[in-house]
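# Report on the structure
Each chain, letter by letter, is given below.
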Amino acid sequence: MNNQRLPIRPRRNRKSEAIRNLCRETRLSHESLILPFFIHDKETNETIDSMPGCMRWSLPGLLDEIKEAMAVGIQSIVLFPAIKDELKTPDAKECFNENGLVQRAVKTIKDNFPELSVITDVALDPYNSDGHDGLVSEDGIILNDATLDVLCKQATSHAEAGADVIAPSDMMDGRVGAIRDSLDSASFENVSIMSYSAKFASAYYGPFRGALNSAPKSGDKKTYQMDPANVKEAVREVMLDIDEGADMVMVKPAGPYLDVISTLKDCVEIPIAAYQVSGEYLMIESACSAGWLDRRSVIMESLIGIHRAGASAILTYYAKEAASWLTQ
């Protein structure tokens, strides 16, 4: 059979690994990966039932794990605290305790790894006895403006401890501007804000709440987290946060909202981060443990997809593993 005369043959760009590498449009890098850490105020590390393979780290264990992560190229981490029940109150005042868990962890990390970029989550749900990201009124209303003052105290306490980036995840209106003013007034004008700008009211967060024991005691978070059906609203939220001083914006979750990431990529000129959340992690782990998927291949494909959509930074529980694969 004679070959057809085809002047354009796209397969020529796929004929070998070397050629495929030359033509690759999206290149995932270990520098773009942010490793989340769950921490607690105990002397030992604990496995997390809702997230197999993940741990709640003691401070000594955290330092050991950070050292290993940095050895494979991780340059940024984010901290999430599991707070003791007796420290949770309706006013969430533990969140700005200068000797609190996050504050001590940040100081310890920066003393040992000053070159590491430390990002801290700012929201009240780990500290609030109601389990919500904001203060709650007696009739169950999430109090937007009253929450801002507490968030500002929390953010400033993190900056005082040495945090490089503040990441407000609460979704209260006006919190980026309020935090920016608070940081600047305290001479922390060089501390960055990575805002959870498009944080959706997602069912994918369940395992994370199990890791921190931070689920709402009543109601849900739909009056402040975004409707999963909306894209234009995400653009609006991002633009508002940029106007208020955000240095980076975030989409959460990542995988189910690639269209949102892609839309924002064409709208904004600052970096976009995306969070591959606990539900995404658990779906991959479950399918792989059952033998249905090749674990390494599907992890890397999922991260490339998020990066391809437009995220320049990815928060993922696979950061350490993926970084080690990328440097091999």
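Residue numbering note: each chain is counted from 1, following its sequence as written. Predicted model: local features are reported for residues with pLDDT of at least 70 only, side-chain atom pairs are reported and counted for 80 or more only, and whole-chain, interface and lining totals are derived from all residues. Calculated side-chain values reflect all of the structure's heavy atoms, with hydrogen atoms and water omitted.

### What to know about the overall build of the protein chain
For the record, the criterion: What counts as a helix is a DSSP run of H or I of at least four residues, what counts as a strand is a run of E of at least two, and both are numbered from the N terminus. In this setup the radius of gyration rests on C-alpha atoms only. A globule is expected at 2.2 Å times the number of residues raised to 0.38. For every residue, the accessible area (1.4 Å probe, protein chains only) is compared with the maximum for its type, and the residue is labelled buried under 20%, exposed over 50%, or partly exposed between those bounds. Contact definition: two residues touch when any of their heavy atoms are within 4.5 Å. Residue-level accessible areas treat just the shown protein chains as cover; the underlying method is Shrake-Rupley with a 1.4 Å probe. In summary, the charge assignment counts Lys and Arg as positive and Asp and Glu as negative, without counting His or the chain termini. Lysine's charge is taken at NZ, arginine's at CZ, aspartate's at CG and glutamate's at CD.
Looking only at helices and strands, the protein chain features 11 helices and 12 strands. At 21 Å, the protein chain has a C-alpha radius of gyration in line with the 20 Å of a compact globule built from 328 residues. Buried positions account for 51% of the 328 residues belonging to the protein chain. Considering only contacts within the protein chain whose residues lie at least 6 apart along the sequence, 74% involve residues at least 24 apart. Roughly 15,700 Å² of accessible area belongs to the protein chain as shown, and the carbon and sulfur atoms make up 49% of that amount. In the protein chain, which carries 34 positive and 48 negative side-chain charges, the distance between the mean positions of the two groups comes to 12 Å.

### Focus: helix α3 (residues 101-112)
Note the cut-off: A helix's residues, less one, multiplied by 1.5 Å, set its expected span.
Taking 1.5 Å of rise per residue, 12 residues should cover 16 Å, and α3 covers 17 Å from first to last C-alpha, within 8% of that figure. Residues Leu101, Val102, Gln103, Ala105, Val106, Ile109 and Lys110 constitute the buried set of α3. In this structure, the buried side of α3 is in contact with β1 (33-40), α2 (59-71), β4 (76-82), β5 (117-122) and α4 (144-161).

### Here we look at the nonpolar core
So the rule is basically this: Side-chain atoms within 4.5 Å link the members of a nonpolar core, which is a set of buried Ala, Val, Leu, Ile, Met, Phe, Trp, Tyr and Cys residues.
With 106 residues, the main nonpolar core has Leu62, Leu79 and Ile109 as its most contacted residues. The leading source of residues in this core is α4, at 7 residues.

### Some words on a positive patch on the surface
The condition that has to hold: Like charges within 9 Å and nonpolar side chains (Val, Leu, Ile, Met, Phe, Trp, Tyr) within 5 Å are joined into patches, using only residues over 30% in relative accessible area that form no salt bridge. The salt bridge criterion pairs a side-chain nitrogen of Lys or Arg with a carboxyl oxygen of Asp or Glu, the two atoms within 4 Å.
Taken together, the side chains of Arg9, Arg11, Arg12, Arg14 and Lys15 define a basic patch exposed on the protein surface. Its place among the elements puts Lys15 in the segment before α1 (17-23).

### Side note on the packing of aromatic side chains
Stated precisely, the cut-off is as follows: Pairing of aromatic side chains here covers Phe, Tyr and the six-membered ring of Trp, requires ring centres within 6.5 Å, and sorts the geometry by plane angle: under 30 degrees stacked, over 60 edge-to-face, intermediate tilted. Whether a charge sits over a ring comes down to the Lys NZ or Arg CZ being within 6 Å of the ring centre and within 35 degrees of the ring normal.
Summed over the entire model, instances satisfying the criterion amount to 10 aromatic pairs. On the numbers, 5.1 Å between centres and 90° between planes, the contact of Phe80 with Phe208 is edge-to-face. On the criterion of sequence distance, the pair formed by Phe80 in strand β4 and Phe208 in helix α6 (residues 206-212) is long-range, its members being 128 residues apart. When the ring of Tyr281 is compared with that of Tyr318, the centres are 5.0 Å apart and the planes differ by 40°; the resulting orientation is tilted. Placement of Tyr281 in helix α9 (residues 278-289) and of Tyr318 in the loop between β12 (313-316) and α11 (319-326) is noted, with a sequence separation of 37 residues between them. Both residues of the pair, Tyr281 and Tyr318, count as buried. Cluster of aromatic residues (ring-pair linked, three or more members): Phe38, Phe80, Phe208, Tyr275, Tyr281, Tyr317 and Tyr318. In this arrangement the basic side chain of Lys252 is found over the ring face of Phe208, its NZ or CZ atom lying 5.2 Å from the centre.

### Let's talk about the pattern of salt bridges
Counted under the stated rule, the structure contains 17 salt bridges. Among the ionic pairs, Asp164 bridges to Lys110, the shortest N-O distance being 2.9 Å. On the criterion of sequence distance, the pair formed by Asp164 in the loop between α4 and β8 (165-168) and Lys110 in helix α3 is long-range, its members being 54 residues apart. In this structure Asp164 comes out as partly exposed when scored by relative accessible area, which is 27%. Here Lys110 falls in the buried class, since its relative accessible area comes to 17%. Taken together, the salt bridges that share partners define one network made up of Asp125, Asp133, Lys199 and Lys221.

### Things to note about the pairing of β5
The test is simple: Strand pairing is assigned whenever DSSP detects at least two bridges linking the two strands. When the strands point away from the viewer and the path from the first strand over the helix to the second turns clockwise, the crossover is right-handed.
Most of β5 is tucked away, with 5 of its 6 residues classed as buried. Judged from the 4 bridges that link them, β4 and β5 form a sheet pairing that is parallel. The residue of β5 that forms the bridge with Ser76 is Ser117. With α3 bridging β4 and the parallel β5, this β-α-β connection has right-handed handedness. Looking at chain direction, β5 and β8 are connected through 4 bridges and run parallel. Counted as the bridge partner of Val122 is Pro168 from β8.

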